[in-house]
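Summary of structural features
The lines below spell out each chain.
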Amino acid sequence: MNLTLYVWRQKGPQDAGRLVRYDAQDISPDMSFLEMLDVVNQELIGRNEEPIAFDSDCREGICGTCGQVVNGVPHGPRERTTTCQLHMRNFKDGDTLYIEPWRARAFPVIKDLVVDRGSLDRIIQAGGYISAHTGGVPDGNAVLIPKDEADTAMDAAECIGCGACVAACPNGSAMLFTSAKVAHLAALPQGRAEAARRVCMMTEEMLGQGFGNCSNHYACEAACPKGISVRFIAKLNREFLKASLR
Ligand code: SF4
Ligand code: FES
């Protein structure tokens, strides 16, 4: 496949940045999107030009490190798929692709396609943990948890912290991410002890980090590679209301 790429190049946080045209040639449909960028980077390095900076780690769709906006869609056109798991067979020979970083006030661009997602880490630091001693594996298994509650916790725990929900939201809201973390721990008995404090602390931190409010567009759910449901936002709101009444 031969493709025309317009890639966001930005030397650093203070640089204005711009889209730069590149030709990606002889790309295998079986390559992942990141492997396609690796090929483009090899050519740039061969020409003594600066390679395109982008984030990746596991390349298996589980770590949440990768993330690019492809033709205006966070993680690209395939539903429930991270950029690293997006294969070039999802595009056509001759396509033109616009590749940009996550765009949100709380995610400043560091370089090219790399953004600082430390704001999500700070939400976790504010309350995304438990202090109960859970003991070893046998102790953990001694606490019986109803199946539907365990399923809810596992569904919420699927969030990989990629930030696509924020990039997709017209308000740059981190409600889906925060709600997944709050719901995950609130669904389990080990997490209930601190549930009220947790939801207040994480919500306050979320607002302090410059994320916007949820505006019910549901763009977050549509962009989420793990299918995190907006029903967790409703759960976050209920947890917050309960904590406020106390
Ligand atoms: S809720 Fe989905 S889109 Fe948002 S950070 Fe978690 S996995 Fe990524
Ligand atoms: S690199 Fe780990 S999810 Fe994409």
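Refer to the structure above for everything that follows.
A brief report on the enclosed structure follows. (Residues numbered from 1 in each chain as written. Chains lettered and ligands numbered in written order. Predicted model: local features only at pLDDT ≥ 70, side-chain atom pairs only at ≥ 80, totals over all residues. Heavy atoms only, no water.)

So, about the overall build of the protein chain. For the protein chain, the count of helices and strands is ten helices and seven strands. Its C-alpha atoms give the protein chain principal-axis dimensions of roughly 60 × 40 × 30 Å. Within the protein chain, the proportion of its 246 residues that are buried is 46%. Restricting the contact set of the protein chain to residue pairs at least 6 apart, pairs at least 24 apart contribute 69%. (Helix = DSSP H or I, 4+ residues; strand = E, 2+ residues; numbered from the N terminus. Buried < 20%, exposed > 50% of the residue type's maximum accessible area, 1.4 Å probe, protein only. Contact = heavy atoms within 4.5 Å.)

Let's shift gears to the sheet that holds strand E2 (residues 18–24). Across the sheet, which stays open at both edges, the five strands sit in the order E2-E1-E5-E3-E4 with mixed pairing between neighbours. Taken across any chain shown, the strands that pair with only one partner, and hence form the sheet edges, are E2 and strand E4 (73–74). In this sheet, strand E5 (residues 96–100) lies alongside strand E3 (residues 69–70) in antiparallel orientation, the contact comprising two bridges. The partner of Val70 across the bridge, within E5, is Ile99. (Pairing = 2+ DSSP bridges.)

Let us now look at the packing of aromatic side chains. Centre distance and the angle of the planes are the two values used to describe a pair of aromatic rings. Considering all chains together, one arrives at three aromatic pairs under this definition. Taking the centre distance of 5.0 Å and the plane angle of 10 degrees together, the rings of Tyr6 and Tyr98 count as stacked. Placement of the pair is Tyr6 in strand E1 (residues 3–9) and Tyr98 in strand E5, with a sequence separation of 92 residues. Assessed through its relative accessible area of 23%, Tyr6 is described here as partly exposed. (Phe/Tyr/Trp six-rings, centres within 6.5 Å; stacked < 30°, edge-to-face > 60°.)

Around ligand 1 sit Cys159, Ile160, Gly161, Cys162, Gly163, Ala164, Cys165, Leu176, Phe177, Cys224, Pro225 and Ile228, and those are all the residues in its vicinity. Taken together, the residues of the shell around ligand 1 sort by class into ten nonpolar, two polar and no charged. (Near = heavy atom within 4 Å. Nonpolar A, V, L, I, M, F, W, Y, C, P; charged D, E, K, R; others polar.)

All right, on to the environment of Gly212 then. Note that Gly212 resides in the loop between helix H8 (195–208) and helix H9 (219–223). Judged by its relative accessible area of 14%, Gly212 falls in the buried class. For Gly212 and Ser173, which are 39 residues apart along the polypeptide, the C-alpha to C-alpha distance reads 4.3 Å. Those residues within four positions of Gly212 in sequence are excluded, and the remaining contacts are Asn171, Gly172, Ser173 and Ala174.

By definition, a disulfide links the sulfur atoms of two cysteines through a covalent bond. Applying the stated criterion across every chain yields a total of zero disulfides. Left without a disulfide partner, Cys214 is nearest to the cysteine sulfur of Cys220, which lies 6.3 Å away. (Disulfide = S-S within 2.5 Å.)

Under the counting rule described, the total for this entry stands at 14 salt bridges. Arg117 is the partner of Asp55 in a salt bridge, and the nearest nitrogen-oxygen pair spans 3.5 Å. Of this pair, Asp55 sits in the loop between helix H1 (33–46) and E3 while Arg117 sits in the loop between strand E7 (114–115) and helix H2 (118–127), placing them 62 residues apart in sequence. Between Lys235 and Glu239 there is a salt bridge whose closest N-O contact spans 3.8 Å. Of this pair, Lys235 and Glu239 both sit in helix H10 (residues 231–245), four residues apart, which is roughly one turn of the helix. Each of the two residues, Lys235 as well as Glu239, counts as buried. Linked through salt bridges whose partners overlap, the residues forming this network are Arg192, Lys235, Glu239 and Lys242. (Salt bridge = Lys/Arg side-chain N within 4 Å of Asp/Glu carboxyl O.)

A few words on the packing of H8 against H10. Two numbers describe how H8 lies on H10: the axes approach to 9 Å, and their chain directions differ by 110 degrees. Taken together, the axes of H8 and H10 are roughly perpendicular relative to one another. As H8 runs across H10, the sense of the crossing is left-handed. Contacts from Ala195, Ala196, Val199, Cys200 and Thr203 of H8 reach H10 at Leu236, Glu239, Phe240 and Ala243. When the residues that make up the contact of H8 with H10 are grouped by side-chain class, the tally is seven nonpolar, one polar and one charged. (Axes fitted to C-alpha atoms, helices over the stretch in contact; angles between N-to-C directions. Parallel < 35°, antiparallel > 145°, perpendicular 65-115°, else oblique. Left-handed = near helix turned anticlockwise from the far one by under 90°.)

Moving on to the nonpolar core. Grouped together as the largest cluster of nonpolar side chains are 36 residues, with contacts concentrated most on Phe107, Ile123, Leu176 and Phe211. Where this core is concerned, the elements lending two or more residues are H2, helix H5 (164–168), helix H6 (175–186), H8 and H10. If one sorts the elements of this core by residue count, H6 sits on top with six residues. Excluding residues that lie within four positions of it along the chain, Ile123 makes contacts with Gly128, Ala174, Phe177, Thr178, Met202, Glu205, Met206 and Phe211. Grouped together as the second largest cluster of nonpolar side chains are 27 residues, Val20, Tyr22, Ala24 and Phe54 included. (Core = buried A, V, L, I, M, F, W, Y, C linked by side-chain atoms within 4.5 Å.)

None of the figures reported here should be taken as evidence of function without further support.
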